[in-house]
Amino acid sequence: MRRRLLFSASAGVLGVTVLSACSAETPEKPKTPASSAGTEWQRVNLSFVSAYLLVRGSEVAIVDLGTPGSESAIEQGLKAAGAGWDNVKHVILTHKHDDHAGGLAGVQPHVSATWYAGEADVSGIRSETALTPVKDGDEVFGLRIIGTPGHTAGHVSVFDPANGVLVAGDALRTTDGLAGSDPQYTADGKQAAASIKKLAALDIKQILPGHGDPLTSGAVDALKKLAASLPS
Ligand SMILES: [Zn+2]
């Protein structure tokens, strides 16, 4: 299921409602309280790679920025979510590769946000603003940082424990069924497999991968099956 977010202003406060994009005729659902419900996500499809917007109230965290020059597509995604650059308070890079962190230079001038990347990947990312190193167990914007090394040494995934949404970067992909990091781009395959086993122990309901479509149903079972298929 693809989801779209619409914001409506009421008494100067942004409220969030969720519409299903499956049908253009779907009527607006009642407002859901933004507080305990976790973030709502929106994919920015940059053709072969995706960025994700995690929205809570009027604040947005962006996870990954695509290749260089992705800023206008990301801006469109923010608009579609009823937001803009001003709403972006956090930018998290899952890893240093150019198809995930390459959009940084184009986005950085537009936002006043805190920037994060896994500590072992920070030095591999060129940035005007200092990147805040994050590690397994850290919390950003109510989201849990899960250390998922293997694809790169500093690869992190972002988990929203309130709704079971995992932004997986390149720790997982869905381009041809659920699979792990592409071996030809993986720094340490053994570590990457261990990271998948670690993810499979979480209460994950939806997987948002860097490459491929979001997996929004059957994610837990698919992930446990994948983890069981990997050598320990
Ligand atoms: Zn990568």
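Refer to the structure printed above.
Residues numbered from 1 in each chain as written. Predicted model: local features only at pLDDT ≥ 70, side-chain atom pairs only at ≥ 80, totals over all residues.

A.B. asks: Outline the overall build of the protein, listing residues and values.
C.D. replies: The number of helices and strands found in the protein is five helices and 15 strands. Across the protein, every contact between residues at least 6 apart in sequence was considered, and the portion connecting residues at least 24 apart equals 57%. (Helix = DSSP H or I, 4+ residues; strand = E, 2+ residues; numbered from the N terminus. Contact = placed C-beta atoms within 7 Å.)

A.B. asks: Tell me what's going on with helix α1 (residues 71-80), and back it up with residues and numbers.
C.D. replies: Among all positions in α1, only Glu71, Ile74, Gly77 and Leu78 are buried. The arc that holds the buried residues of α1, viewed along the axis, is 115°, so those residues lie on one side. Across from the buried face of α1, at angles greater than 90 degrees, the exposed residues are Ser72, Gln76 and Lys79. At its buried positions, α1 is contacted by β3 (40-46), β4 (49-56), β5 (59-63) and α3 (104-107). Gly82 occupies a position one or two residues after α1 and carries a positive phi of about 75°. (Buried ≥ 20, exposed ≤ 12 C-beta atoms within 10 Å, placed from the backbone. Arc of directions from axis to C-beta.)

A.B. asks: Help me get a handle on the sheet that holds strand β15 (residues 206-209), residues and values and all.
C.D. replies: Sheet strands pair by backbone hydrogen bonding; their relative direction is either parallel or antiparallel. Judged by pairing direction, the sheet is mixed, and its five strands sit side by side in the order β9-β10-β11-β12-β15 without closing on themselves. The open sheet is flanked by β9 (139-140) and β15, the only strands paired with a single partner. In terms of strand pairing, strand β12 (residues 165-169) meets β15 through four bridges, oriented parallel. By the bridge assignment, Val165 is partnered in β15 with Gln206. (Pairing = 2+ DSSP bridges.)

A.B. asks: Tell me about the environment of Pro68, and please be specific about residues and values.
C.D. replies: Looking at the element boundaries, Pro68 is found in the loop between β5 and α1. For Pro68, a count of 14 C-beta atoms within 10 Å puts it in the partly exposed group. Residues Pro68 and Asp99 lie 31 residues apart in sequence; the distance between their C-alpha atoms is 7.6 Å. Those residues within four positions of Pro68 in sequence are excluded, and the remaining contacts are Gly102, Gly103, Ala105 and Gly106.

Coordinates in, geometry out; function isn't part of it.
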